[in-house]
Structure formats: structure tokens, C-alpha cells
Amino acid sequence: SQQGEEDPQALSIQEGENATMNCSYKTSINNLQWYRQNSGRGLVHLILIRSNEREKHSGRLRVTLDTSKKSSSLLITASRAADTASYFCAEYSGAGSYQLTFGKGTKLSVIP
Amino acid sequence: EAQVTQNPRYLITVTGKKLTVTCSQNMNHEYMSWYRQDPGLGLRQIYYSMNVEVTDKGDVPEGYKVSRKEKRNFPLILESPSPNQTSLYFCASSLFSLTGSEQYFGPGTRLTVT
């Protein structure tokens, strides 16, 4: 399976600003997931959005999904220094393929 | 505490010396998976398992073996490691669902093959 792509590859913002990361994926998905990784550590699940959903919220996180464009975006509002991490989207197609395929990630730096 | 554990966390070895990285989860998850993470390439799946005795290849299975004899354990075996297997390895687990579910990741194993 092919990896999706996050955009931008790196993003640097001031604390309090919003951060938007985009993800384009390749297959027809069953769901798309977003994960966070602090430097060199294990990934932590943030949000799962299903193909029949268009938007989902969790605290300061908002995820949108546009299946016609095969794209998703993750918005972090009122960012904090602790949000500094890499963010990955992962596509799950189901339909006989039980793989979760990750993109290459966006590295977010939030400057205090 | 619900968790995925991996051992060892760090390993330096030489080319050709067989090694095993263990992975264990205490959440009664059916699905377990191994990934490798390399700079600029993101995470790539090596193997996954949907339940005991059921495994399948991911995107980069060459040079690796797995087995799933117990539900909680999913070891990764490198029978003859080579320098291009130097990487950061993650084990993950989740409930198995045809519609997919969130994965829980271990802390990672940093492997260096000289």
C-alpha cells in the first residue's frame, strides 16, 4: 500500500496561534486516524474519523475529512508549547486489507 | 495500567547475529503489528496479526519473521540482521474490527546493526 502525504513537512508557530496540518491519502478509506509522536517516543492516538463523517472535535483538536479530494486536515487551536511534536495521519481501508498506512508526518514546533 | 511493552528498548548488534524483540500487551487485543520508523520515510508496517496464529505481511516484511502463539505476545525476529535494518521499531495493538480502531503503541526499540 502507498503512503499518504502530510503537508507541510514542518511547521513553526507561536504559542496561542492555530496550527493546521493537511493529509492526502491514496485509497478509498474506511477511516482516517491522526496520531501524535513526541520526539523518539511511541505514537499516541488523537482522533479517528470515519468515511461517512465530515468533521470531528476533541478538545482543542478539529479534524475534517473530504473523501472526494482524499484529504483530511487537523487543526489545533490555541497551541501550547506542549503541542510540539510530530503529527501523522494514517489511512485504514478495510475491505480485506487490515493495514494502517501512515504518512510521513508533520513536525510542529510551538514557540513559547 | 493498559500498555504495550517492548524489550529491549535499545540494542546494538552485529551483522548476522539473530535477535528477537519482544512485544506484549495487557489489553486482550486481537490485532498486533510491527512498524519501523526511518527518517524521511515515516512509519512502515512490517507484519501484522489479526489473532493467534494469524499473521500477514505488511509493506516491508523482507528480513523479518513473526509468530503469534499467544494473544498477548507478538515477537519480531531478525534471523540475520543487516545494517539496513538499523531503525526505530514500534509494536502496536488494537481491538480487531473490520471497520478499524485506534492503535496503542509501545515505547519503541532502537536497533543498531553494525
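Scope of this entry: the structure provided in the associated data block.

What counts and what doesn't
- Residues numbered from 1 in each chain as written.
- Chains lettered and ligands numbered in written order.
- Predicted model: local features only at pLDDT ≥ 70, side-chain atom pairs only at ≥ 80, totals over all residues.
- Heavy atoms only, no water.
- Contact = heavy atoms within 4.5 Å.
- Buried area = accessible area lost by both parts, 1.4 Å probe.
- Salt bridge = Lys/Arg side-chain N within 4 Å of Asp/Glu carboxyl O.
- Polar contact = N/O pair within 3.5 Å; in protein donor to acceptor, adjacent residues only side chain to side chain.
- Helix = DSSP H or I, 4+ residues; strand = E, 2+ residues; numbered from the N terminus.
- Nonpolar A, V, L, I, M, F, W, Y, C, P; charged D, E, K, R; others polar.
- Core = buried A, V, L, I, M, F, W, Y, C linked by side-chain atoms within 4.5 Å.
- Buried < 20%, exposed > 50% of the residue type's maximum accessible area, 1.4 Å probe, protein only.
- Phe/Tyr/Trp six-rings, centres within 6.5 Å; stacked < 30°, edge-to-face > 60°.
- Pairing = 2+ DSSP bridges.

**Side note on the interface of chain A and chain B**
Now for step 1: Facing the 23 residues of chain A at the interface are 28 residues of chain B.
Now for step 2: Carbon and sulfur atoms supply 50% of the area buried between chain A and chain B, which totals about 1800 Å² over both sides.
Now for step 3: For the chain A face of the interface with chain B, the top three residues by lost area are Leu43, Tyr98 and Gln99 of chain A, together amounting to 30%.
Now for step 4: Between chain A and chain B we count zero salt bridges in total.
Now for step 5: Across the chain A-chain B interface, the total number found is five residue pairs in polar contact (both at pLDDT 80 or more).
Now for step 6: Elements supplying a minimum of two residues to the side of chain A that touches chain B: strand E4 (31–37), strand E5 (43–50), strand E9 (85–94) and strand E10 (97–102) of chain A.
Now for step 7: Tallied by class, residues from the side of chain A that touches chain B come to eight nonpolar, twelve polar and three charged.

**Considering the nonpolar core**
Now for step 1: The biggest cluster of nonpolar side chains holds 22 residues, and the ones touching the most others in it are Met21, Leu32, Trp34, Leu74, Ile76, Tyr87 and Leu108 of chain A.
Now for step 2: Elements that contribute at least two residues to this core include exactly strand E2 (10–14), strand E3 (19–24), E4, E5, strand E7 (61–66), strand E8 (71–76), E9 and strand E11 (106–111) of chain A.
Now for step 3: If near-sequence neighbours (up to four positions away) are discounted, Leu74 of chain A is found in contact with Ala19, Thr20, Met21, Trp34, Leu46, Leu61, Arg62, Val63 and Tyr87 of chain A.
Now for step 4: Counting residues in hydrophobic clusters, the runner-up holds 19 residues, among them Val60, Val66, Leu76 and Cys91 of chain B.

**A word on the packing of aromatic side chains**
Now for step 1: The final tally for this structure, using the stated rule, is eight aromatic pairs over all chains.
Now for step 2: Between Tyr35 of chain A and Phe105 of chain B, the ring centres sit 5.7 Å apart and the planes meet at 80 degrees, which makes this aromatic pair edge-to-face. Taken together, the residues span two chains, with Tyr35 of chain A in strand E4 and Phe105 of chain B in strand E10 (residues 104–105). A single burial state applies to Tyr35 of chain A and to Phe105 of chain B, both of which are buried.
Now for step 3: Its relative accessible area of 11% is what places Phe105 of chain B among the buried residues.

**Notes on the sheet that holds strand E3 (residues 19–25) of chain B**
Residues and elements named next belong to chain B.
Now for step 1: Read from one edge of the open sheet, four strands run E1-E3-E8-E7, paired in antiparallel fashion. Each having just a single partner strand, strand E1 (4–7) and strand E7 (65–66) make up the two edges of the open sheet.
Now for step 2: The pairing of E7 with strand E8 (residues 76–78) spans two bridges and is classified as antiparallel. Across the sheet, Val66 pairs through a bridge with Leu76, a residue of E8.

**A look at the pairing of E3 of chain B**
All names here are of chain B.
Now for step 1: Burial of E3 is extensive: five of the seven residues sit out of reach of the surface.
Now for step 2: By the bridge criterion, four bridges tie E1 to E3 in an arrangement that is antiparallel. From the neighbouring strand, Asn7 faces E3, where its bridge partner is Thr22.
Now for step 3: In this sheet, E8 lies alongside E3 in antiparallel orientation, the contact comprising three bridges. Counted as the bridge partner of Leu19 is Leu78 from E8.

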